[in-house]
Amino acid sequence: MNTIHTRTDLSPLNDQQRKAVLSRENRVLVLAGAGSGKTNTLLQKINYLINDVQADSKSILAITYTKNAANEMIDRMILAADKTGFYKKVMETNGLTKKEKDQERKKMLHKYPWLNQITMKTFHGLCYQIMRDEGVNVYDNQFKIVHSHRDNSADFFGNTAPENESEIIQKVAIKMSEKRDFLIALKRYILDYFVDNIKEDQGSLEFRPEGLFFTTLKGEKVRSKSEQYIADWLFRNNIDYKYELKERISNSNFHPDFFIPSANIYLEHVSKLSHPTFWKEMELKKGGMTCIKTFDKATHNSAVFNQMLDKVIKGRISNDLSSATVLNYHEEFGGFKKELNKFFRLVLDVKGAINASNKSIVEISEEASKSKHERVRLFYKIVLPIIKGYDAYCVDRSYLDFDGLIKYSLKLFKEHNTIRNRYEKQYKYILVDEFQDVNNQQVAFLKYLVGKDSQLFCVGDDWQSIYGFRGSEIDFIVNFKEHFKQPEIITLNLNYRSTDPIVKASNEIIKKNRFQVSKDMSAVKKGGPKIEVNYAQLEAETNSFIWEKIQKHLGEGINADEILILYRRSAMKTSIQKSLEKSGVKVQFKTIHSAKGLEAKVVFILGLNSAPGGFPDPWMQDKIYHVIKKTEYNTLLEEERRLFYVALTRAKEHLYLVTPYQLSFFFKKKRVKTGLKI
Ligand SMILES: Nc1ncnc2c1ncn2[C@@H]1O[C@H](COP(=O)(O)OP(=O)(O)OP(=O)(O)O)[C@@H](O)[C@H]1O
């Protein structure tokens with residue numbers, strides 16, 4: 001490339017990075033693999049716009065995916081501007097709290113007004129600003145922000161609602177549980193799918209594990225789904241019963257399935273798997289007791305079964321059953337708090353995915369009713385009314401949650417062209433980091449915001465798109481030119497972060513994906529140690545492998561905070577984390593999803609076995625999400641591979657792939673133990 005004289009020092013950049021910085025095209029996508037300096041390029045672009053294009057700082061908008069990323073961007077801009085080295089020293093001061101860092105950042109921004117005037121925000125932060133200034137046109141201007149269950153860090157300057165998303169969703173469910181039927185349906189769902197963990201392929205009647213497996217509404221365990229049904233029916237009808245009560249008639253012990261004291265009858269449920277009931281009946285007869293038999297066949301149709309129970313049991317009870325006792329939410333769920341919290345987390349994630357999609361609640365409800373899995377159908381039957389209740393609760397109190405911020409900003413732009421024009425005119429340069437993670441709503445918003453003559457400068461890596469389950473659409477980056485007309489697409493091919501073996505291995509893995517933009521990444525750092533793969537029969541063996549390696553690297557002078565242990569599910573790290581903590585070694589533990597953007601000298605990736613719950617486990621994504629977005633096995637597997645790519649590329653020098661049990665099929669036919677050759 002010919003030397004171009006610029007006020008901004010672009011000499012540290014490589015040719016492609018420089019090309020991106022200098023581009024004057026209106027739509028630019030910088031597409032590149034991990035560690036290639038995308039964020040760096042974006043920051044230099046801002047410097048170039050200010051120093052060379054002489055753009056007004058107020059006309060620059062940089063959008064990041066997380067609040068932390070926005071702060072990091074601001075920090076990097078301040079560091080570049082502060083020639084005294086003061087801010088660098090501050091940042092390097094050990095033990096500064098987040099609050100103190102925020103204060104220092106604010107002070108520095110005052111020192112550099114041009115920097116202060118650049119808008120560097122997340123989509124939510126930007127929409128908050130827009131709604132605060134113009135929201136009165138589409139919403140109550142006294143609105144309060146409801147914090148997301150995932151991110152409580154955003155600061156809305158005293159404009160935060162007194163309750164967060166999680167608290168509201170539970171409040172709504174509690175209110176709805178005043179209706180007995182709703183409470184019972186919710187409890188049944190939690191017991192089946194969060195306590196008993198029944199899987200969708202375990203057909204409700206045929207699935208009959210040994211022993212007492214199924215939890216009844218009353219809270220005890222019974223042997224089959226049919227028995228559970230009978231127990232629940234009795235509970236719902238407020239009829240007291242004893243399950244498998246030990247009886248002794250004429251010298252022999254036996255356990256009739258149910259005894260109902262108020263009717264003085266026994267109930268025996270008969271299925272193909274039941275032991276013969278003949279002698280039990282004889283014994284009961286001898287004792288002058290009534291025994292009623294119910295049959296499995298009848299339970300296939302719940303209406304018929306209900307009718308039968310109504311007839312044979314209610315008729316024999318003298319009590320007035322109409323005054324069923326009021327069930328109390330807190331009492332009913334007292335013993336299942338953990339499971340209930342898990343359920344609500346899922347509800348909130350699903351709510352987010354629905355909001356990120358283009359589908360309405362009605363469409364989701366129709367789609368869900370067609371699911372072949374009972375678990376999925378029941379989930380939406382219970383959850384969609386909760387989500388509706390949540391939305392109504394927020395509107396009543398002028399609350400806006402993160403999804404609401406973008407939804408109403410979009411509405412504002414759609415319905416108020418003059419306002420939209422004003423923003424379009426203001427932001428002449430719109431830069432978006434991590435573009436692979438955008439969802440439908442965010443792209444719709446961008447399309448309103450970016451004017452014909454403004455520059456949209458996106459950077460991202462389709463190989464690192466890992467939030468499909470939350471609604472991110474990889475298609476926006478892979479098929480960028482279909483969404484934004486005539487773009488210039490620049491690829492960066494050099495990885496500055498990782499050594500040669502790491503870059504080669506990660507390329508090799510990701511190339512197996514079909515839906516991707518192929519890129520040729522190569523390492524700037526040649527040489528470097530081989531990747532080590534360790535698998536053993538026992539978890540204790542893999543743990544001692546990790547332990548020894550950590551000791552070795554600490555001995556070499558590598559800091560503990562340069563050692564990162566990555567996992568897909570928290571169960572994978574529990575035992576090793578415990579033993580490291582006990583010995584006082586403070587390495588970083590992160591889920592792969594939360595390690596995005598990080599780097600470390602030494603990285604361990606745990607749990608690499610392709611068993612259910614391992615990694616990869618494409619079916620780990622709950623089928624509940626398939627209602628919002630149809631997803632096939634291969635698509636899910638590709639996302640798993642991208643997740644693995646993100647994990648691999650966090651490592652700068654030493655990379656260890658570790659698992660007890662069977663090794664992942666990500667490595668089949670590769671050499672294992674040590675010295676993986678890829
Ligand atoms: N031209 C360059 N010369 C030397 N080092 C560079 C250059 N560009 C980037 N780097 C370094 O490479 C590393 C990765 O850069 P950066 O974090 O910007 O990459 P990225 O592409 O955003 O990474 P990822 O997508 O994996 O999060 C950083 O340490 C950065 O300083």
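Counting restarts for each chain, with residues numbered from 1 along the sequence as it is written. Totals for whole chains, interfaces and linings use all residues, but because this is a predicted model, local features are given only for residues with pLDDT of at least 70 and pairs of side-chain atoms are given and counted only at 80 or more. Calculation of side-chain values draws on the structure's entire complement of heavy atoms; hydrogens and water are dropped beforehand.

A. Examining the nonpolar core more closely. Here, nonpolar core refers to any group of buried Ala, Val, Leu, Ile, Met, Phe, Trp, Tyr and Cys residues whose side-chain atoms link them within 4.5 Å. Type-normalised accessible area, obtained with a 1.4 Å probe on protein chains alone, sets the label of each residue: buried when under 20%, exposed when over 50%, and partly exposed for intermediate values. Ranked by internal contacts, the top residues of the largest apolar core, which has 69 residues, are Leu-234, Ile-260, Ile-313, Phe-343, Val-350, Phe-379 and Tyr-380. Tallying contributions element by element places helix H17 (residues 374-396) first for this core, with 11 residues. Excluding anything up to four places from it in sequence, Leu-234 contacts Ile-239, Tyr-241, Phe-258, Ile-260 and Ile-313. Secondary structure counts use DSSP, requiring at least four H or I residues in a row for a helix and at least two E residues in a row for a strand, with both numbered from the N terminus. Here, two residues are considered to be in contact whenever any of their heavy atoms come within 4.5 Å of each other.

B. Structural context of the sheet that holds strand E3 (residues 119-122). Strand order in the open sheet formed by 6 strands is E3-E2-E14-E15-E1-E16, and the pairing between neighbours is parallel. The open sheet is flanked by E3 and strand E16 (488-492), the only strands paired with a single partner. Direction aside, the axes of adjacent strands within the sheet are offset by 15 degrees on average. Relative to E3, helix H3 (residues 67-81) is tilted by about 155 degrees, and along the sheet it contacts strand E2 (60-64) and E3. When DSSP finds two or more bridges between a pair of strands, those strands are recorded as paired. For helices, the axis comes from a line fit to the C-alpha atoms of the stretch in contact; other axes are also lines fit to C-alpha atoms, and the angle between any two N-to-C directions lies between 0 and 180 degrees.

C. Region of interest: the pairing of E2. Taking burial as the measure, the 5 residues of E2 include 5 buried ones, the bulk of the element. Along E2, one buried face is formed by Ile-60, Ala-62 and Thr-64 and the opposite face, lined by Leu-61 and Ile-63, is buried too. Two strands pair when backbone bridges link them, and E2 and E3 are joined in this way by 4 bridges, in the parallel orientation. Bridge pairing in E3 links Ala-62 to Met-120.

D. Geometry of the site of the ligand. Taken together, 19 residues lie around the ligand, and Pro-12, Gln-17, Lys-38, Thr-39 and Arg-497 are the ones closest in. N or O atoms within 3.5 Å of each other form a polar contact, as long as, within protein, one can give a hydrogen and the other can take it, and as long as residues adjacent in sequence are counted only when both atoms are side-chain atoms. Take Pro-12: an N or O atom from its main chain is 2.9 Å from a nitrogen atom of the ligand. Here an oxygen atom of the ligand sits 3.0 Å away from a polar atom, N or O, in the side chain of Gln-464. Within the complex, the protein chains bury 77% of what would otherwise be the 640 Å² of accessible surface of the ligand. Looking at the shell around the ligand, the elements that each hand over two or more residues are helix H2 (38-51) and strand E17 (494-499). Of the residues forming the shell around the ligand, the biggest block, 3 residues, is contributed by H2. Under the scheme applied here, ten amino acids are nonpolar (Ala, Val, Leu, Ile, Met, Phe, Trp, Tyr, Cys and Pro), four are charged (Asp, Glu, Lys and Arg), and all others, including Gly, are polar. Of the residues contributing to the shell around the ligand, the split by class is 4 nonpolar, 10 polar and 5 charged. Proximity criterion: a residue is near a molecule or strand once any of its heavy atoms comes within 4 Å of it. Note that accessible areas follow from Shrake-Rupley with a 1.4 Å probe, and for residues the cover is restricted to the protein chains shown.

E. Expanded view of the confidence of the model for the chain. Confidence of the predictor in every single residue is expressed as pLDDT, which spans 0 to 100. Residues at a pLDDT of 70 or more form 89% of the chain, whose mean pLDDT is 87. Across residues 669-678 the pLDDT falls below 50, and counting only partners more than four positions away or on other chains, this stretch makes 23 contacts in the model.

F. Representation of the environment of Lys-601 within the structure. Relative to the helices and strands, Lys-601 is located in strand E22 (residues 600-605). The spatial distance from the C-alpha of Lys-601 to the C-alpha of Tyr-87 is 25 Å, given a sequence separation of 514 residues. When near neighbours in sequence (up to four residues on either side) are disregarded, Lys-601 contacts Ile-558, Glu-562, Lys-652, Glu-653 and His-654.

G. Looking closely at the packing of aromatic side chains. Pairs were defined over the aromatic rings of Phe, Tyr and Trp, the Trp ring being its six-membered one, requiring ring centres within 6.5 Å. Orientation was assigned from the angle between planes: stacked under 30 degrees, edge-to-face over 60, tilted for the rest. One pass over the structure, following the stated rule, counts 29 aromatic pairs. With centroids separated by 5.3 Å and ring planes inclined at 65 degrees, the aromatic side chains of Phe-343 and Phe-344 adopt a geometry described as edge-to-face. Counting every residue linked through ring pairs, the aromatic cluster contains Tyr-189, Tyr-193, Phe-194, Phe-343, Phe-344, Phe-379 and Tyr-380. A cation over an aromatic ring shows up here: Arg-397 above the ring of Tyr-393, its NZ or CZ 3.5 Å from the ring centre. Positioned over the ring face of Phe-484 is Lys-447, at 5.5 Å from the centre of the ring. A ring is scored as having a charge over it whenever the NZ atom of a lysine or the CZ atom of an arginine sits within 6 Å of its centre and within 35 degrees of its normal.

H. Structural detail: the pattern of salt bridges. For this analysis, a salt bridge means a side-chain nitrogen from Lys or Arg found within 4 Å of a carboxyl oxygen belonging to Asp or Glu. Counted according to the given criterion, the structure contains 38 salt bridges. Lys-187 is the partner of Glu-332 in a salt bridge, and the nearest nitrogen-oxygen pair spans 2.7 Å. Linking Glu-332 in helix H14 (residues 329-333) with Lys-187 in helix H9 (residues 180-195), this pair joins segments that are 145 residues apart in sequence. Glu-332 sits in the buried class, given a relative accessible area of 12%. Arg-188 is paired through a salt bridge with Asp-192; the nearest N and O atoms lie 3.2 Å apart. Residue Arg-188 and its partner Asp-192 are both found in helix H9; the two are separated by 4 residues, about one turn of the helix. The exposure class of Arg-188 is buried, given its relative accessible area of 16%. For Asp-192, a relative accessible area of 5% puts it in the buried group. Within the structure, one salt-bridge network assembled from shared partners comprises Asp-75, Lys-98, Asp-102 and Arg-105.

I. Molecular detail of a positive patch on the surface. A residue counts toward a patch only above 30% relative accessible area and without a salt bridge, and it is joined to like-charged neighbours within 9 Å or, for Val, Leu, Ile, Met, Phe, Trp and Tyr, to nonpolar neighbours within 5 Å. Charge counting follows a simple rule: Lys and Arg are positive, Asp and Glu are negative, and His as well as the terminal groups are ignored. We put the charge of a Lys on NZ, of an Arg on CZ, of an Asp on CG and of a Glu on CD. Taken together, the side chains of Lys-338, Lys-342, Arg-345 and Arg-569 present a region of like positive charge at the surface. Mapped onto the elements of the fold, Lys-338 is located in helix H15 (residues 337-356).

J. Quick look at unusual backbone geometry. A positive phi angle, close to 50 degrees, is found at Asn-197, a residue other than glycine. Structurally, the position occupied by Asn-197 is in the loop between H9 and strand E5 (214-215). Assessed through its relative accessible area of 39%, Asn-197 is described here as partly exposed. The phi angle at Ser-398 is positive, at roughly 55 degrees, despite the residue not being glycine. You can see Ser-398 is positioned in the loop between H17 and strand E13 (399-401). For Ser-398, a relative accessible area of 11% gives the class buried.

K. The arrangement of the sheet that holds E22 in detail. Here 5 strands make up an open sheet; going across it, the order is E19-E23-E22-E20-E21 and the pairing parallel. The sheet is open, and its two edges are formed by strand E19 (532-536) and strand E21 (588-591), each paired on a single side. Looking at each pair of strands side by side, their axes are set apart by 20 degrees on average, direction ignored. Sheet analysis places E22 next to strand E23 (residues 651-660), joined by 5 bridges and oriented parallel. In the sheet register, Ile-605 faces E23, and the bridge partner there is Leu-657. Packing of helix H26 (residues 633-648) onto the sheet brings it into contact with strand E20 (563-567), E22 and E23, and relative to E23 it is tilted by some 130 degrees.

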